[in-house]
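So the chains spell out like this:
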Amino acid sequence: KNQVEQSPQSLIILEGKNCTLQCNYTVSPFSNLRWYKQDTGRGPVSLTIMTFSENTKSNGRYTATLDADTKQSSLHITASQLSDSASYICVVSSWGGGGNKLTFGTGTQLKVEL
Amino acid sequence: DGGITQSPKYLFRKEGQNVTLSCEQNLNHDAMYWYRQDPGQGLRLIYYSQIVNDFQKGDIAEGYSVSREKKESFPLTVTSAQKNPTAFYLCASSIGTASETQYFGPGTRLLVL
């Protein structure tokens, strides 16, 4: 069964600090991995997308890494801001049964405080 | 403005009532999706449509129905057969298959009276 597990479940950090969110997956065959940011009461917004051959991808203060061998990904947030407070969702795409299927993690709830 | 819109933002359902959630996109995307989000769970796929007049069941289609008469519109009906409808419903669209980045609407929160 395809699964995506994220840790920690929730995290509180001070503004300006860095943090790293983890994503472990058991999805096969692997197609790509995305990180989404979801503000409370809103729809998710894509931050990064990584394919099998990519190790690192950045989007401003967000840097995602992928280790396809260990099936792990991380999202590093640099110099956090209050607006980074949100849920961060890891989504893994797999190909099978004639189509692509997305498996969603449960998300890491990040709160940035003054 | 390009994007994907959902209405209403909040919806209340009485026992035995069918309700319909609206989803519209002007991104010219072929594929559209409906997800359900519950606290502590990942998004779960209800239905998806890859072209007009065609749609497929997702993982939790029971108690829901959809139509895709126009490329821009993909309404979701929550029927009285759905016994636990309270959730946050998200509509998404993508250019093609699910491997493409999906763009999400702002969501509709459904509550049962």
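Shown above is the structure to which this text applies.
Thresholds, definitions, all that
- Residues numbered from 1 in each chain as written.
- Chains lettered and ligands numbered in written order.
- Predicted model: local features only at pLDDT ≥ 70, side-chain atom pairs only at ≥ 80, totals over all residues.
- Heavy atoms only, no water.
- Helix = DSSP H or I, 4+ residues; strand = E, 2+ residues; numbered from the N terminus.
- Polar contact = N/O pair within 3.5 Å; in protein donor to acceptor, adjacent residues only side chain to side chain.
- Contact = heavy atoms within 4.5 Å.
- Core = buried A, V, L, I, M, F, W, Y, C linked by side-chain atoms within 4.5 Å.
- Buried < 20%, exposed > 50% of the residue type's maximum accessible area, 1.4 Å probe, protein only.
- Buried area = accessible area lost by both parts, 1.4 Å probe.
- Salt bridge = Lys/Arg side-chain N within 4 Å of Asp/Glu carboxyl O.
- Pairing = 2+ DSSP bridges.
- Axes fitted to C-alpha atoms, helices over the stretch in contact; angles between N-to-C directions.

1. Digging into the side chain of Thr108 of chain A
Residues and elements named next belong to chain A.
1) Next: Inspection of the secondary structure puts Thr108 in strand E11 (residues 108-113).
2) Next: Within the structure, Thr108 has its side chain in polar contact with the backbone oxygen of Pro8 (distance 2.6 Å).
3) Next: Discounting chain neighbours no more than four positions away, the residues touching Thr108 are Gln6, Ser7, Pro8, Gln9, Leu21, Ala86, Ser87 and Tyr88.

2. Description of the nonpolar core
1) Next: Within the largest apolar cluster, 24 residues are counted, with the highest numbers of intra-cluster contacts made by Tyr25, Leu33, Trp35, Leu75, Tyr88 and Val92 of chain A.
2) Next: At the level of elements, strand E3 (19-26), strand E4 (30-38), strand E5 (45-51), strand E7 (62-67), strand E8 (72-77), strand E9 (86-96) and E11 of chain A are the ones that each hand at least two residues to this core.
3) Next: When near neighbours in sequence (up to four residues on either side) are disregarded, Leu75 of chain A contacts Cys19, Thr20, Leu21, Trp35, Leu47, Tyr62, Thr63, Ala64 and Tyr88 of chain A.
4) Next: One finds Leu11, Val19, Phe74 and Leu76 of chain B within the second-largest nonpolar core, a separate group that totals 20 residues.

3. Describing the interface of chain B and chain A
1) Next: With 19 residues of chain B at the contact, the number on the chain A side is 19 residues.
2) Next: Of the roughly 1,400 Å² buried at the junction of chain B and chain A (both faces included), carbon and sulfur atoms supply 53%.
3) Next: On the surface where chain B and chain A come into contact, there are one salt bridge.
4) Next: The residue Asp59 of chain B makes a salt bridge to Lys101 of chain A at a minimum N-O spacing of 2.8 Å.
5) Next: Counting across the interface, chain B meets chain A through four residue pairs in polar contact (both at pLDDT 80 or more).
6) Next: The set of elements that each furnish at least two residues to the side of chain B that touches chain A consists of strand E4 (31-37) and strand E9 (87-94) of chain B.

4. Digging into the sheet that holds E8 of chain A
All names here are of chain A.
1) Next: Across the sheet, five strands lie side by side as E1-E3-E8-E7-E6; this open sheet has antiparallel pairing. In this open sheet, the two edge strands, each paired with only one partner strand, are strand E1 (3-7) and strand E6 (56-59). Ignoring strand direction, the axes of neighbouring strands in this sheet form an average angle of 15 degrees.

5. Focus on unusual backbone geometry
1) Next: Look at the link from Ser7 of chain A to Pro8 of chain A: it is a cis peptide, with omega at -10 degrees.
2) Next: Turning to its location among the elements, Pro8 of chain A is positioned in the loop between E1 and strand E2 (10-14).
3) Next: The omega angle of the peptide bond from Ser7 of chain B to Pro8 of chain B is -5 degrees, so this bond is cis rather than trans.
4) Next: Tracing the backbone shows Pro8 of chain B in the loop between strand E1 (4-7) and strand E2 (10-13).
5) Next: You will see that Lys71 of chain A, though not glycine, has its phi angle at about 60 degrees, which is positive.
6) Next: Relative to the helices and strands, Lys71 of chain A resides in the loop between E7 and E8.
7) Next: When its relative accessible area of 33% is taken as the criterion, Lys71 of chain A is described as partly exposed.
8) Next: The residue Asn28 of chain B is not glycine, and still its phi comes out positive at about 60 degrees.
9) Next: Given a relative accessible area of 59%, Asn28 of chain B falls into the exposed group.

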